[in-house]
Amino acid sequence: MAQSTEKVLAMLELLQAQPGLTGPELARRLEVDGRTVRRYAGTLVDLGVPVQADRGRYGGYRLLPGYKLPPLMFTDDEAVAVVFGLLIAARQGVTTPLALAKIERVLPAKLRERVQAVRETLGFTAPARDSTPPPAGHLLALGEATRAHRRIRVTYRSWRGDDTERDFDPYGMVVHNGRWYTTGHDHRSGEVRTLRLDRIRSIKSLEVYFQPLAGFDPVAHVVAGLAAVPYQHDVEVVLHTGLVEAARRIPATVGTLAEHPDGVLLACRAEHLDGMAQMLAGLGWDFTVHRPDELRHEVVALARRLERAVSVVRQGRAEDDGRDQ
């Protein structure tokens, strides 16, 4: 059913672009037979699309003169949700960029421009993950400002819960691990900063324009910045595996990887060492903790908890076997 619907829409696209295509030509392009083309034409008519079939040597299928698809009446929130979903699907190979182009073409002109601005200024770390977009008004305003190189004034809530107002030159937007960020020049600090979109309380466009940094990569900046967050503990662990395999399993935001005589040196920072111990155990490789000593204690504590869990399972099985005898 989904494939048939896609083919019907593809036929509509062809008729809009090239009126008068013959049945055999449509069948060839759609990779179906002539009878199926006639069925698709009937489906379009049932949907209210006036498809006209001209018989004869020079006949073909066409839309009645003057007919145009009405614009899709999406709210801002709906348009952002649909477009973002299609972007994710295209990156995961579930659909193609053509589907997004079709949606954008039938949006109202003003909303189409704003949606395109978001798409053109949005980057993803790989692989893309499903995520709930921030408020559509914020996202569309930020996309417009980023594409136009226009300064904005934002009210931003820190992790402590304090609200501050700052002028910001947005260089790009990034979606990483299901969370949305914008990176750019923060005039309050005088530095390039990364802001979380879910902490932006308000956005106002200013009549000031900026020149973006040449060659600036918003995705690389966000990933590097998150990896350098000053958590409480410095961690160095040697993973007994290869560098290629380690890089495949450990995101760049976790820490840096370097070759080591005994494998791969993972250097990072961590706020909670029990979580770090669980992550290392979950990788499935042997490893050696260089520092801190507290991480060794957490690894030992984790091993003891797992050992107790195994003992409970064994005891339960023994009791079950005894009852069965």
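Residues numbered from 1 in each chain as written. Predicted model: local features only at pLDDT ≥ 70, side-chain atom pairs only at ≥ 80, totals over all residues. Heavy atoms only, no water.

A. Just the side chain of Asp186, in detail. Note on placement: Asp186 falls in strand β6 (residues 179–186). Within the local environment of Asp186, its side chain forms a polar contact with the backbone nitrogen of Arg188, the two atoms lying 3.1 Å apart. (Helix = DSSP H or I, 4+ residues; strand = E, 2+ residues; numbered from the N terminus. Polar contact = N/O pair within 3.5 Å; in protein donor to acceptor, adjacent residues only side chain to side chain.)

B. Molecular detail of helix α10 (residues 273–283). Those residues of α10 that fall on the buried side of the exposure criterion are Leu273, Met276, Ala277, Leu280 and Leu283. Here the buried residues of α10 occupy an arc of 125° about the axis, which is enough to place them on one side. Just past α10, the residue Gly284 takes up positive phi, approximately 85°. (Buried < 20%, exposed > 50% of the residue type's maximum accessible area, 1.4 Å probe, protein only. Arc of directions from axis to C-beta.)

C. A look at the sheet that holds strand β9 (residues 233–239). Here four strands make up an open sheet; going across it, the order is β10-β11-β9-β12 and the pairing antiparallel. In this open sheet, the two strands that pair with only one neighbour each are β10 (255–260) and β12 (287–291). Taken over all neighbouring pairs, the strand axes of this sheet differ in orientation by 25° on average, direction set aside. The pairing of β9 with strand β11 (residues 263–270) spans seven bridges and is classified as antiparallel. Within β11, the position partnered with Glu236 by the bridge is Ala267. (Pairing = 2+ DSSP bridges. Axes fitted to C-alpha atoms, helices over the stretch in contact; angles between N-to-C directions.)

D. Representation of the nonpolar core. With 26 residues, the main nonpolar core has Val115, Leu122, Leu139, Met173, Trp180 and Leu197 as its most contacted residues. Looking at this core, the elements with two or more residues in it are α4 (76–91), α6 (109–121), β3 (122–124), α7 (136–148), β4 (150–157) and β5 (163–176). Ignoring anything within four residues of it in the chain, the contact list for Leu197 reads Pro134, Leu139, Leu142, Met173, Trp180, Tyr181 and Thr182. If you look at the next biggest cluster of nonpolar residues, it comprises 18 residues, including Val237, Met276, Ala277 and Leu295. (Core = buried A, V, L, I, M, F, W, Y, C linked by side-chain atoms within 4.5 Å. Contact = heavy atoms within 4.5 Å.)

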